[in-house]
Amino acid sequence: MTVACGMEHFSPSPEMGRKLRGALSRFGTGVTIVTAPTEKGPIGITANSFSSVSLDPPLVLWSAAKSSRRFPYFAKAERFAIHVLGEEQMPLCNAFSADAFAFDKVNWTEGEGGVPLLQGCLARFECERYAEYDGGDHSIFVAHVLQAAVREGNPLLFFSGQFGNFASTA
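Residues numbered from 1 in each chain as written. Predicted model: local features only at pLDDT ≥ 70, side-chain atom pairs only at ≥ 80, totals over all residues. Heavy atoms only, no water.

Enquirer: Explanation requested: the sheet that holds strand 3 (residues 29-30) in the structure shown.
Expert: Each strand in a sheet pairs with its neighbour through backbone hydrogen bonds, running either in the same direction (parallel) or in the opposite one (antiparallel). Read across the sheet, three strands follow the order 3-13-14 without closing on themselves; strand pairing throughout is antiparallel. Since the sheet does not close on itself, it has two edges, and those belong to strand 3 and strand 14 (162-165), each with one partner. (Pairing = 2+ DSSP bridges. Helix = DSSP H or I, 4+ residues; strand = E, 2+ residues; numbered from the N terminus.)

Set out below in structure tokens:
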């Protein structure tokens, strides 16, 4: 490890895992909850690994840790919904961070194909699986957006291991 121009330089390795995770946490992201129907009922997972991919066709992606107990459900899901959380939805984030089956604690409806749809989010994308790619200790799910919904509001953000809110510089 060296320090130059005020930045700590290092080569990623298993021994530097914490350091790499800390560097990656410097990229602020929005917070999403991905939901899917399963044989055990609806399931949800909190994720910040969400991104747009293409407008034509409309594609988005998200990734899930293969080590997660929730992973097998999403690996089987052909349809799911991705919900972008608003700044006032921290309780919703906490509910699904703690419990994959937290639907008894939240306002939701059932969409096409039995996909659980959370209410009040900033944006929601109802999707079908388009592709899945190996991403090391994660799988990358690319999805075709079938329906989208949006409302005005500020996002719930995640940066350097903490949740926060958007502050405009204008």
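Enquirer: In this structure, what is going on with the packing of aromatic side chains? I would like to understand it.
Expert: A ring pair, where both rings are aromatic, is described by two values, the distance of the centres and the angle of the planes. A complete count under the given rule lists nine aromatic pairs for this structure. Pairing Tyr-73 with Phe-101 gives two aromatic rings, centres 6.0 Å apart and planes at 90 degrees, and the pair type is edge-to-face. Taken together, the positions of Tyr-73 in helix 2 (residues 71-76) and Phe-101 in the loop between helix 3 (90-98) and strand 9 (108-110) put the pair 28 residues apart, joining distant regions of the chain. By relative accessible area, Tyr-73 is classed as buried at 16%. A centroid spacing of 5.0 Å and a plane angle of 70 degrees characterise the contact between Phe-96 and Phe-103, whose relative ring orientation is edge-to-face. Like Phe-103, Phe-96 is buried. (Phe/Tyr/Trp six-rings, centres within 6.5 Å; stacked < 30°, edge-to-face > 60°. Buried < 20%, exposed > 50% of the residue type's maximum accessible area, 1.4 Å probe, protein only.)

Enquirer: I tried to follow the side chain of Thr-38 on my own but got confused; where do I start?
Expert: In this fold, Thr-38 is placed in the loop between strand 4 (32-36) and strand 5 (43-47). Here Lys-40 takes part through its backbone nitrogen, which lies 3.0 Å from a polar atom of the side chain of Thr-38. One polar contact links the side chain of Thr-38 to the main-chain carbonyl oxygen of Gly-41, over a distance of 2.5 Å. (Polar contact = N/O pair within 3.5 Å; in protein donor to acceptor, adjacent residues only side chain to side chain.)

Enquirer: Sorry if this is basic, but what is going on with the sheet that holds strand 5 here?
Expert: If you walk across this open sheet you meet the seven strands as 5-4-8-11-12-7-6, and the pairing is antiparallel. Whereas interior strands pair on both sides, the edge strands pair on one side only; in this sheet they are strand 5 and strand 6 (50-54). Adjacent strand axes in the sheet meet at a mean angle of 35 degrees when their direction is disregarded. In terms of strand pairing, strand 11 (residues 123-135) meets strand 12 (residues 138-150) through 12 bridges, oriented antiparallel. Residue pairing across strands places Glu-132 opposite Phe-141, the latter belonging to strand 12. Relative to strand 5, helix 3 is tilted by about 115 degrees, and along the sheet it contacts strand 4 and strand 5. (Axes fitted to C-alpha atoms, helices over the stretch in contact; angles between N-to-C directions. Contact = heavy atoms within 4.5 Å.)

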